[in-house]
Amino acid sequence: MKKLSPALVYFLVLCAFFSFITSKIGFTETLFSLAVFTLAGIVPWYFFIARFAPIEGFFEQISISTVFTIVGMAFSGFLASWTGIHFLVFIPTISISVLGYLLLGIDPKGQLAKLKSSFFEIKSIHWLTLAGLTLITFAYLKNEYDSQPIKWDGVWSFYPDTLWQMSLIGENISKSAKYFPYLSGVDLSYPWGLHSFLGTWSFFVGISAAEALLVVWPALFALLAPLVFMVFGTKISGKYITGVLLVLALSTTGQIAISGGEIAASPFIYPVSPTYELGIVLLYSLGFLCICYLKEPINFTSLVLLSALSFVSATSKASNGPLIVLALVIWIAIYLSSKQQIHKRLFIAQICILVSALIGYGVTSSKGTGSITLDPLSFSPSNFINSEIISLSIILIYVLVLIGASITLMLNGVERAKVIGISLFVFGAITITSVLGHPGKSQLYFLWTSYPLLITLTIWALIVVANKYQTMVVFGVLAIAWLTPQIWGILNISMPLIAKWEPILVLFSYLLVSITFIVTYLGNQGQKMSVLLVISIATLGAVGIQTPKITPLNYSFQTDSTDSNALSYQDVELLTYLKTESDPTDLIATDFHCTNDSISSQKCDGKYFAINAFSERRTIISGWAYTQLGDTPATSSVLNDNDRAVSNSSPENVDFLKQRKVKWLITHSSPNNQSELNKVAVQVKTGDKMTLWLINQ
């Protein structure tokens, strides 16, 4: 009973966690979603992983089984889309479920004995630690649910990307998602991993795209991410404490990020990009699996697992593909430079991972006009004073931390090849971020994706030195360096000049703390002084490379009806009604296109995706962002004919819609041509800003 008590604590935390989800989507939906994900995914994958993969430990096996459940469902959605045959969505998930349970049926006593053994081998402190780390994620989950609610009063302005992600999930729920839902006929060429996974899961359990993205995904990520990073940090360093501190650092501190016209700090959980969240979970799971196979035999099953994870990882976030390729090139280069003989099967595994990543990246890379350019130090907003210096200061912080942590580890006898490989990977990501430009400062994703590796090196270095030198000194530096910006944040300094130079001032404060400790404790003790110097610099990374105020980046907010992007829940109910009463293949015409201004003002930002997000139906044209049309509606004739049919609904103009087999029309709530519309369509439902019409056929 004593051994079960800590596990019971974690179970109670999970119950509280799931009750939180239940309050958002209902008990039945939560229970059914959990049952399908567990019984058709995690359980059969667990027995498959336990049988074929060299992964030991209950937490390790559960985390990788959960990851492959996601991979399997994502591949299910991709297979259905690629072939255009939607029922194929069942094949991969059902196949692995059957195989997993067959493996259990072949040797039930042996399999269950292994499960029992690995479960009871977990130390009490490990259960309690995981329970504590899970509790920390409640803050993230509450922030997600508050900033992107599933129901709300008044009007709400969602970040356009949130509604865009939701509309792509809706495509995967009931259709073979070959097209952008808001622009029928235009190829869907964006990373599909998250949308295929959540679309497949939603299809299986009967929840909406909104529930999947706004409720289910944040909860799954909040549970899975700490587990993945804990087992990754433990595996790569060989120290459990490294994994725990890695999760703690990533969950409670932040990394420098760009938000609007300000420099903000975001936790590694980045609220406005669920594709980034899935991308880092899959990428670090791939890293964990690669480490497991370094000294283990590689067979056909191993190659399939590595290739599948690499493929889905590269297609979950566009930045993952180049980073996987970069990591493997570095890995092979290290072997060649050290003149070590690469085992043939290991080399084949590397090639399989590389090819899978390239194929995945190739089939889903965006064809939009927002391409990557050569634009050094361009990721700070141009309205900053000396924005290039701000960018350079951020890069310098990362580089200083990287050098300090790497040198410290190598000075203390840690396996050099592993440290060099990680360091080169992080340095490569820093370099890519430094020299490339991309709309929306998206080149920062390369830096953010490598960030947990940087913190892993730092914490690992701190622990190694703490074992050899003055433990209290090392952790004293860590504590003061962490507290300094917190106090700064409490003081709430808001002077404009201070705000513009926050990163440099924070860097200066950290260095000042480090110098103070060196002078106070070591004086001129030569070698020890140099060791603590690099540790002090490395400490900068352990506190999250943060700005003084740690605030998540939330772009969704309550607003008023004058906001072009505003959405009332009455309109959501209208769109939900449309979803219920229409066929998944039905088409909609609308004159909602812009999240700001209008087409006539020539300042239209074509990112209006609310109709597609909540109705889960396609439009002839609503928004056109993120497609090869770029920032301008290249299909102007379609756009003009569409808008003419809405604003001047003569039978001749409406014939354009009928020829395209459009059944539904969504106009603004009080259209000027209502008398004309009454002749060609039936008014079905009225919301706050929208009116739904059924076109007479």
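Residues numbered from 1 in each chain as written. Predicted model: local features only at pLDDT ≥ 70, side-chain atom pairs only at ≥ 80, totals over all residues. Heavy atoms only, no water.

### Side note on the side chain of S582
For step 1, the next point in the chain: Of note, S582 is situated in the loop between α22 (569-581) and β8 (587-590).
For step 2, the next point in the chain: Judged by its relative accessible area of 10%, S582 falls in the buried class.
For step 3, the next point in the chain: Polar contacts involving the side chain of S582 include one to the main-chain carbonyl oxygen of L578, which spans 2.6 Å.
For step 4, the next point in the chain: A polar contact is formed between the side chain of S582 and the side chain of R617, at a distance of 2.9 Å.
For step 5, the next point in the chain: Leave out the neighbours within four places in its chain, and S582 touches R617 and W664. (Helix = DSSP H or I, 4+ residues; strand = E, 2+ residues; numbered from the N terminus. Buried < 20%, exposed > 50% of the residue type's maximum accessible area, 1.4 Å probe, protein only. Polar contact = N/O pair within 3.5 Å; in protein donor to acceptor, adjacent residues only side chain to side chain. Contact = heavy atoms within 4.5 Å.)

### Concerning the nonpolar core
For step 1, the next point in the chain: If you look at the biggest cluster of nonpolar residues, it comprises 194 residues, and the most contacted ones within it are F197 and F614.
For step 2, the next point in the chain: Per-element accounting of this core gives the leading share, 22 residues, to helix α9 (residues 209-237).
For step 3, the next point in the chain: Every residue in contact with F614, bar those within four places of it in the chain, is listed here: W152, F158, L163, M166, A210, L567, V572, L575, T576 and K579. (Core = buried A, V, L, I, M, F, W, Y, C linked by side-chain atoms within 4.5 Å.)

### Points about the pattern of salt bridges
For step 1, the next point in the chain: For the structure on display, the rule yields five salt bridges.
For step 2, the next point in the chain: One salt bridge connects E171 with K175, and the closest N-O pair in it is separated by 3.6 Å. Accessibility classification places E171 together with K175 in one group, the buried group.
For step 3, the next point in the chain: The residue K663 makes a salt bridge to D586 at a minimum N-O spacing of 3.5 Å. (Salt bridge = Lys/Arg side-chain N within 4 Å of Asp/Glu carboxyl O.)

### Considering a nonpolar patch on the surface
For step 1, the next point in the chain: On the surface, a nonpolar cluster with roughly 630 Å² of combined accessible area is contributed by I85, F87, F90, I91, I94, V98 and L102.
For step 2, the next point in the chain: With respect to the element layout, I94 can be found in helix α4 (residues 90-106).
For step 3, the next point in the chain: Judged by relative accessible area, which is 44%, I94 ranks as partly exposed. (Patch = residues over 30% accessible without salt bridge, like charges linked within 9 Å, V, L, I, M, F, W, Y side chains within 5 Å. Areas by Shrake-Rupley, 256 points an atom, 1.4 Å probe, with all protein chains shown as cover.)

### Here we look at the packing of helix α6 (residues 124-147) against α9
For step 1, the next point in the chain: For the pair α6 and α9, interaxial distance at closest approach is 10 Å and the crossing angle is 150°. Relative to α9, the element α6 is oriented roughly antiparallel. The way α6 lies across α9 gives a crossing that is right-handed. Listed contacts from α9 to L130, L133, T134, T137, Y140, L141, E144 and Y145 of α6 are L214, V215, P218, A219, F221, A222, L223, P226, L227 and M230. (Axes fitted to C-alpha atoms, helices over the stretch in contact; angles between N-to-C directions. Parallel < 35°, antiparallel > 145°, perpendicular 65-115°, else oblique. Left-handed = near helix turned anticlockwise from the far one by under 90°.)

### Comments concerning the environment of T619
For step 1, the next point in the chain: Inspection of the secondary structure puts T619 in strand β9 (residues 618-619).
For step 2, the next point in the chain: Residue T619 is classed as buried on the basis of its relative accessible area of 0%.
For step 3, the next point in the chain: Distance in space between the C-alpha atoms of T619 and L183 is 6.1 Å, their sequence separation being 436 residues.
For step 4, the next point in the chain: For T619, the side chain forms a polar contact with the main-chain oxygen of Y182, separated by 3.2 Å.
For step 5, the next point in the chain: Looking at T619, its side chain comes within polar contact range of the side chain of N612, at 3.2 Å.

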